[in-house]
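Close look at the chain arrangement
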Amino acid sequence: MCRNIKPLFNFDPPATDDEVYDAALQFVRKVSGTTKPSKRNELAFEHAVSSIAACARELLDSLETSQPPRDREEVAAKARARTAVRFA
């Protein structure tokens, strides 16, 4: 769907509220087709972002897994390696 939205579950340390908000913002931008809403739609846009961020936080807090938490730096290093191969 949206390549800029990254998985946020099962990381050590857990996803921050800022990361959840950023993912919600990316989702609303994708769905609405705009990166910056008009003044007329600003309130609806921000309400959607806030609602989705709250739902995403609730989801992340309620999910359970038996897998050990993933290391953020390790996952980021793998992503950088894939990008280097892709664009080399």
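The rules we used
- Here the residue index of a chain counts from 1 through its sequence in written order.
- Per-residue local features are limited, in this predicted model, to residues with pLDDT of at least 70; the limit for side-chain atom pairs, both in listing and counting, is 80 or more; totals at the level of whole chains, interfaces and linings are taken over all residues.
- Only hydrogens and water are removed before side-chain values are computed, so all heavy atoms of the structure are retained for them.
- By definition, any uninterrupted DSSP run of H or I lasting at least four residues is a helix, any uninterrupted run of E lasting at least two residues is a strand, and each is numbered from the N terminus.
- Our radius of gyration looks at C-alpha atoms and nothing else; its globule reference is 2.2 Å times the residue count to the power 0.38.
- Note on definitions: a residue-residue contact is assigned when non-hydrogen atoms from the two residues lie within 4.5 Å.
- The method behind every accessible area is Shrake-Rupley, applied with a 1.4 Å probe, and residues are considered shielded solely by the protein chains displayed.
- Working convention for charge: Lys and Arg count positive, Asp and Glu count negative, and His plus the chain ends are omitted.
- To locate a charge, take NZ of a lysine, CZ of an arginine, CG of an aspartate or CD of a glutamate.

The protein appears in an unreviewed UniProt entry as DUF2277 domain-containing protein from Rhizobium brockwellii.

Each helix and strand in the protein was counted, giving three helices and two strands. Written out in order from the N terminus, the α and β elements of the protein read β-α-α-β-α. Taken over the C-alpha trace, the protein has a radius of gyration of 15 Å; the compact-globule value for 88 residues is 12 Å, which it surpasses by more than 25%. Its C-alpha atoms put the protein at 45 × 40 × 20 Å along the principal axes. Across the protein, the fraction of contacts at a sequence separation of at least 24, relative to all contacts at a separation of at least 6, is 70%. Per element, the accessible surface of the protein, about 7000 Å² overall, is 57% carbon and sulfur. Measuring between centres, the 14 positive side-chain charges of the protein sit 12 Å from its 13 negative side-chain charges.

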